[in-house]
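Architecture at a glance
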Amino acid sequence: MNKLILAVCLTLPLSLPAFAGDPEAGQRKSQPCVACHGPDGNSTSAEFPKLAGQHYDYLVKAINDYKASARKSPIMAPMVEKLTVRDIEDLAAYYSSRKGLVLKY
Amino acid sequence: MKTCRLISLAAAGSLVAVVFSPAFAAEAGDPVAGKAKTSMCIGCHGISGYKTVFPEVYHVPKLGGQHAAYIVKALQEYKAEKRSHPSMRAIAAGLSDKDMADLAAYYAADPARAAAK
(Lines give C-alpha, C1' and ligand atoms only; values in the text may rest on other atoms or scores of the structure.)
Protein backbone atom coordinates (compact mmCIF):
# COMPACT_ATOMS: atom_id res chain seq x y z
CA MET A 1 0.00 0.00 0.00
CA ASN A 2 2.80 2.37 0.95
CA LYS A 3 4.59 1.47 -2.27
CA LEU A 4 1.47 2.26 -4.28
CA ILE A 5 1.15 5.69 -2.68
CA LEU A 6 4.84 6.32 -3.30
CA ALA A 7 4.47 5.28 -6.94
CA VAL A 8 1.49 7.61 -7.44
CA CYS A 9 3.36 10.46 -5.78
CA LEU A 10 6.41 9.93 -7.97
CA THR A 11 4.57 9.65 -11.29
CA LEU A 12 1.94 12.35 -10.72
CA PRO A 13 4.23 15.26 -11.62
CA LEU A 14 5.15 13.48 -14.89
CA SER A 15 1.55 13.52 -16.05
CA LEU A 16 1.23 17.28 -15.60
CA PRO A 17 1.85 19.48 -18.65
CA ALA A 18 4.76 21.92 -18.65
CA PHE A 19 2.26 24.76 -18.28
CA ALA A 20 -0.90 24.59 -16.28
CA GLY A 21 -2.99 26.10 -19.08
CA ASP A 22 -5.05 24.08 -21.55
CA PRO A 23 -4.98 25.64 -25.05
CA GLU A 24 -8.23 23.96 -26.14
CA ALA A 25 -10.08 25.27 -23.10
CA GLY A 26 -8.43 28.63 -23.75
CA GLN A 27 -9.79 28.72 -27.29
CA ARG A 28 -13.31 28.13 -25.96
CA LYS A 29 -12.84 30.90 -23.40
CA SER A 30 -11.41 33.34 -25.97
CA GLN A 31 -14.75 34.26 -27.57
CA PRO A 32 -15.01 37.65 -25.78
CA CYS A 33 -11.44 38.48 -26.95
CA VAL A 34 -12.06 37.87 -30.68
CA ALA A 35 -13.69 41.22 -31.52
CA CYS A 36 -10.50 43.15 -30.75
CA HIS A 37 -7.66 40.61 -30.81
CA GLY A 38 -8.86 38.55 -33.80
CA PRO A 39 -9.97 34.90 -33.96
CA ASP A 40 -6.47 33.51 -33.29
CA GLY A 41 -4.84 36.50 -31.58
CA ASN A 42 -3.62 38.11 -34.82
CA SER A 43 -5.59 41.32 -34.50
CA THR A 44 -6.14 43.32 -37.68
CA SER A 45 -6.71 46.62 -35.90
CA ALA A 46 -3.45 48.45 -35.13
CA GLU A 47 -4.58 49.76 -31.75
CA PHE A 48 -5.09 46.26 -30.33
CA PRO A 49 -1.97 44.17 -29.76
CA LYS A 50 -1.39 40.85 -31.43
CA LEU A 51 -1.32 38.04 -28.89
CA ALA A 52 -0.59 35.07 -31.17
CA GLY A 53 2.80 33.56 -30.43
CA GLN A 54 3.44 35.80 -27.43
CA HIS A 55 5.17 34.20 -24.43
CA TYR A 56 2.85 32.30 -22.08
CA ASP A 57 4.15 33.92 -18.90
CA TYR A 58 4.07 37.44 -20.36
CA LEU A 59 0.40 36.98 -21.28
CA VAL A 60 -0.37 35.74 -17.75
CA LYS A 61 1.44 38.76 -16.29
CA ALA A 62 -0.35 41.22 -18.60
CA ILE A 63 -3.80 39.88 -17.67
CA ASN A 64 -2.91 39.84 -13.97
CA ASP A 65 -1.64 43.43 -14.20
CA TYR A 66 -4.94 44.53 -15.76
CA LYS A 67 -6.81 42.64 -13.05
CA ALA A 68 -4.79 44.32 -10.29
CA SER A 69 -5.06 47.75 -12.03
CA ALA A 70 -1.26 47.84 -12.29
CA ARG A 71 -2.00 48.35 -15.98
CA LYS A 72 -4.94 50.59 -16.63
CA SER A 73 -7.28 50.16 -19.57
CA PRO A 74 -10.99 50.96 -19.58
CA ILE A 75 -11.41 48.22 -22.22
CA MET A 76 -9.36 45.45 -20.60
CA ALA A 77 -10.34 46.04 -16.96
CA PRO A 78 -13.94 44.77 -17.27
CA MET A 79 -12.86 41.95 -19.62
CA VAL A 80 -10.47 40.37 -17.11
CA GLU A 81 -12.36 41.22 -13.93
CA LYS A 82 -14.02 37.83 -13.55
CA LEU A 83 -11.29 35.57 -14.96
CA THR A 84 -10.04 32.85 -12.61
CA VAL A 85 -6.40 31.77 -12.36
CA ARG A 86 -7.36 28.76 -14.48
CA ASP A 87 -9.05 30.95 -17.13
CA ILE A 88 -5.96 33.16 -17.38
CA GLU A 89 -3.66 30.15 -17.76
CA ASP A 90 -5.92 28.57 -20.41
CA LEU A 91 -6.13 31.81 -22.43
CA ALA A 92 -2.36 32.32 -22.22
CA ALA A 93 -1.79 28.69 -23.29
CA TYR A 94 -4.09 29.17 -26.30
CA TYR A 95 -2.63 32.45 -27.56
CA SER A 96 0.99 31.45 -26.97
CA SER A 97 0.39 28.30 -29.05
CA ARG A 98 -0.80 30.29 -32.11
CA LYS A 99 1.50 31.41 -34.94
CA GLY A 100 2.07 35.15 -35.04
CA LEU A 101 4.61 37.26 -33.18
CA VAL A 102 8.28 36.41 -33.58
CA LEU A 103 11.57 37.24 -31.91
CA LYS A 104 13.21 40.08 -33.83
CA TYR A 105 16.78 41.21 -33.28
CA MET B 1 -3.10 86.41 -61.46
CA LYS B 2 -3.22 87.71 -57.91
CA THR B 3 -5.86 85.10 -57.07
CA CYS B 4 -3.67 82.44 -58.61
CA ARG B 5 -0.74 83.43 -56.43
CA LEU B 6 -2.95 83.47 -53.36
CA ILE B 7 -4.19 79.97 -54.13
CA SER B 8 -0.67 78.61 -54.55
CA LEU B 9 0.40 80.30 -51.34
CA ALA B 10 -2.50 78.69 -49.52
CA ALA B 11 -1.69 75.30 -51.05
CA ALA B 12 1.97 75.59 -50.03
CA GLY B 13 0.91 76.66 -46.56
CA SER B 14 -1.35 73.66 -46.05
CA LEU B 15 1.37 71.32 -47.33
CA VAL B 16 3.78 72.71 -44.75
CA ALA B 17 1.09 72.32 -42.09
CA VAL B 18 0.56 68.66 -43.03
CA VAL B 19 4.28 67.85 -43.08
CA PHE B 20 4.99 69.44 -39.71
CA SER B 21 1.80 68.51 -37.86
CA PRO B 22 2.36 66.21 -34.86
CA ALA B 23 -0.20 63.72 -36.18
CA PHE B 24 1.81 63.22 -39.35
CA ALA B 25 5.07 62.88 -37.42
CA ALA B 26 3.52 60.28 -35.10
CA GLU B 27 2.70 58.00 -38.02
CA ALA B 28 5.88 58.39 -40.02
CA GLY B 29 8.23 55.81 -38.54
CA ASP B 30 11.30 54.87 -40.53
CA PRO B 31 12.19 51.17 -40.07
CA VAL B 32 15.80 51.68 -41.24
CA ALA B 33 16.34 54.49 -38.72
CA GLY B 34 14.54 52.32 -36.17
CA LYS B 35 16.96 49.42 -36.62
CA ALA B 36 19.85 51.79 -35.87
CA LYS B 37 18.17 52.70 -32.56
CA THR B 38 17.65 49.16 -31.22
CA SER B 39 20.89 48.96 -29.23
CA MET B 40 18.99 49.50 -25.98
CA CYS B 41 16.32 46.92 -26.91
CA ILE B 42 18.25 43.91 -28.20
CA GLY B 43 19.87 43.03 -24.87
CA CYS B 44 16.46 41.81 -23.69
CA HIS B 45 14.03 41.68 -26.65
CA GLY B 46 16.57 40.22 -29.08
CA ILE B 47 17.58 37.19 -27.06
CA SER B 48 15.59 34.00 -27.46
CA GLY B 49 13.91 32.93 -24.22
CA TYR B 50 15.31 35.89 -22.24
CA LYS B 51 13.58 36.58 -18.94
CA THR B 52 13.36 39.79 -16.99
CA VAL B 53 14.29 39.13 -13.38
CA PHE B 54 13.28 42.36 -11.69
CA PRO B 55 10.79 43.00 -10.20
CA GLU B 56 9.19 39.75 -11.47
CA VAL B 57 10.48 36.82 -13.49
CA TYR B 58 8.86 36.29 -16.90
CA HIS B 59 9.82 36.16 -20.57
CA VAL B 60 10.18 39.61 -22.13
CA PRO B 61 7.50 40.03 -24.81
CA LYS B 62 8.16 39.29 -28.46
CA LEU B 63 7.97 42.45 -30.58
CA GLY B 64 8.47 41.12 -34.13
CA GLY B 65 5.27 41.63 -36.13
CA GLN B 66 3.48 43.61 -33.41
CA HIS B 67 1.38 46.60 -34.56
CA ALA B 68 3.45 49.83 -34.71
CA ALA B 69 0.67 51.89 -33.13
CA TYR B 70 0.55 49.52 -30.15
CA ILE B 71 4.35 49.64 -29.67
CA VAL B 72 4.26 53.47 -29.70
CA LYS B 73 1.40 53.42 -27.20
CA ALA B 74 3.29 51.06 -24.88
CA LEU B 75 6.45 53.23 -25.01
CA GLN B 76 4.44 56.38 -24.34
CA GLU B 77 2.75 54.71 -21.36
CA TYR B 78 6.16 53.74 -19.92
CA LYS B 79 7.44 57.30 -20.49
CA ALA B 80 4.35 58.73 -18.76
CA GLU B 81 4.91 56.21 -15.92
CA LYS B 82 1.53 54.60 -16.54
CA ARG B 83 3.16 51.19 -16.96
CA SER B 84 5.42 49.94 -14.23
CA HIS B 85 8.52 48.11 -15.50
CA PRO B 86 11.57 50.06 -14.12
CA SER B 87 13.94 49.34 -17.04
CA MET B 88 11.31 50.17 -19.64
CA ARG B 89 10.44 53.42 -17.88
CA ALA B 90 14.10 54.45 -17.85
CA ILE B 91 14.59 53.58 -21.52
CA ALA B 92 11.34 55.15 -22.74
CA ALA B 93 12.11 58.35 -20.80
CA GLY B 94 14.99 59.04 -23.18
CA LEU B 95 13.03 58.40 -26.40
CA SER B 96 11.53 61.15 -28.56
CA ASP B 97 8.26 60.67 -30.46
CA LYS B 98 10.32 60.15 -33.60
CA ASP B 99 12.51 57.50 -31.89
CA MET B 100 9.37 55.64 -30.79
CA ALA B 101 7.85 55.80 -34.28
CA ASP B 102 11.09 54.56 -35.88
CA LEU B 103 11.49 51.67 -33.41
CA ALA B 104 7.85 50.71 -33.82
CA ALA B 105 8.17 50.76 -37.62
CA TYR B 106 11.21 48.48 -37.39
CA TYR B 107 9.64 45.91 -35.06
CA ALA B 108 6.27 45.95 -36.83
CA ALA B 109 7.73 45.24 -40.27
CA ASP B 110 6.76 41.75 -41.39
CA PRO B 111 9.92 39.68 -40.80
CA ALA B 112 9.15 37.23 -43.62
CA ARG B 113 8.60 40.03 -46.13
CA ALA B 114 11.64 41.93 -44.86
CA ALA B 115 13.82 38.84 -45.33
CA ALA B 116 12.51 38.32 -48.87
CA LYS B 117 13.64 41.81 -49.93
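Right above here is the structure, for reference.
Below is a short write-up of the structure. Numbering of residues begins from 1 in every chain and follows the order in which that chain's sequence is written. Both sets of labels track the order of writing: A upward for chains, 1 upward for ligands. With the structure being a predicted model, the display of local features is reserved for residues of pLDDT at least 70 and the display and counting of side-chain atom pairs for 80 or more, all residues being used for whole-chain, interface and lining totals.

Of regular secondary structure, chain B possesses eight helices and two strands. Working definition: helices are DSSP H or I runs of at least four residues, strands are E runs of at least two. Numbering for both runs from the N terminus. In sequence order, chain B lays out its α and β elements as α-α-α-α-β-β-α-α-α-α. Per-residue burial over chain B gives 21% buried out of 117 residues. Once C-beta atoms are placed from the backbone, any two residues with those atoms within 7 Å are in contact. Residue pairs in contact within chain B that sit at least 24 positions apart in sequence constitute 64% of those at least 6 positions apart. Buried means a residue has 20 or more other C-beta atoms within 10 Å of its own C-beta, exposed means 12 or fewer, and partly exposed covers the counts in between; C-beta atoms are placed from the backbone.

Turning our attention to the interface of chain B and chain A. Each side of the interface is counted separately: chain B has 21 residues, and chain A has 19 residues. Counting only elements with at least two residues in the side of chain B that touches chain A, the list comes to strand 2 (58-59) and helix 5 (68-79) of chain B. Its residues assigned to classes, the side of chain B that touches chain A comprises nine nonpolar, eight polar and four charged. Nonpolar residues are Ala, Val, Leu, Ile, Met, Phe, Trp, Tyr, Cys and Pro. Charged residues are Asp, Glu, Lys and Arg, and all others, Gly as well, are polar.

Turning our eyes to something else, we now look at the nonpolar core. Buried Ala, Val, Leu, Ile, Met, Phe, Trp, Tyr and Cys residues whose C-beta atoms connect them within 7 Å together make up a nonpolar core. Formed by 17 residues in total, the largest nonpolar core has its most connected members in I71(B), V72(B), L75(B), A104(B), A105(B), Y107(B) and A108(B). If you list the elements that add at least two residues to this core, you get helix 5 and helix 7 (97-108) of chain B. In terms of residue count, the dominant contributor to this core is helix 7 of chain B (eight residues). If near-sequence neighbours (up to four positions away) are discounted, V72(B) is found in contact with M100(B), A101(B) and A104(B). Counting residues in hydrophobic clusters, the runner-up holds 16 residues, among them L51(A), A52(A), Y56(A) and V80(A).

Glancing now at the environment of P55(B). Residues and elements named next belong to chain B. Mapped onto the fold, P55 is located in the loop between strand 1 (51-52) and strand 2. Assessed through the 8 C-beta atoms surrounding it within 10 Å, P55 is described here as exposed. P55 sits 29 residues away from S84 along the chain, and the two C-alpha atoms are 9.7 Å apart.

Here we come to the environment of V60(B). Residues and elements named next belong to chain B. Here V60 lies in the loop between strand 2 and helix 5. Put simply, V60 and I42 are 18 residues apart on the chain and 11 Å apart in space, counted from C-alpha to C-alpha. Contact partners of V60, with chain neighbours within four places excluded, come to C44, H45, Y50, K51 and T52.

Right, let's talk about the packing of helix 5 of chain B against helix 7 of chain B for a bit. Residue and element names in this part refer to chain B. Between N-to-C directions, angles cover 0 to 180 degrees, with each direction set by a line fitted to C-alpha atoms, over the stretch in contact for helices. Packing of helix 5 against helix 7 brings their axes to within 8 Å, and their N-to-C directions diverge by 140°. When the axis of helix 5 is compared with that of helix 7, the two are oblique. Crossing hand, helix 5 versus helix 7: right-handed. Here A68, I71, V72, L75 and Q76 of helix 5 come into contact with helix 7, specifically with M100, A101, L103, A104, A105, Y107 and A108. Angles are sorted into four bins: roughly parallel if under 35 degrees, roughly antiparallel if over 145, roughly perpendicular if 65 to 115, and oblique for all others. By convention the crossing between two helices is left-handed if the near helix lies anticlockwise of the far one by an angle smaller than a right angle, and right-handed if it lies clockwise.

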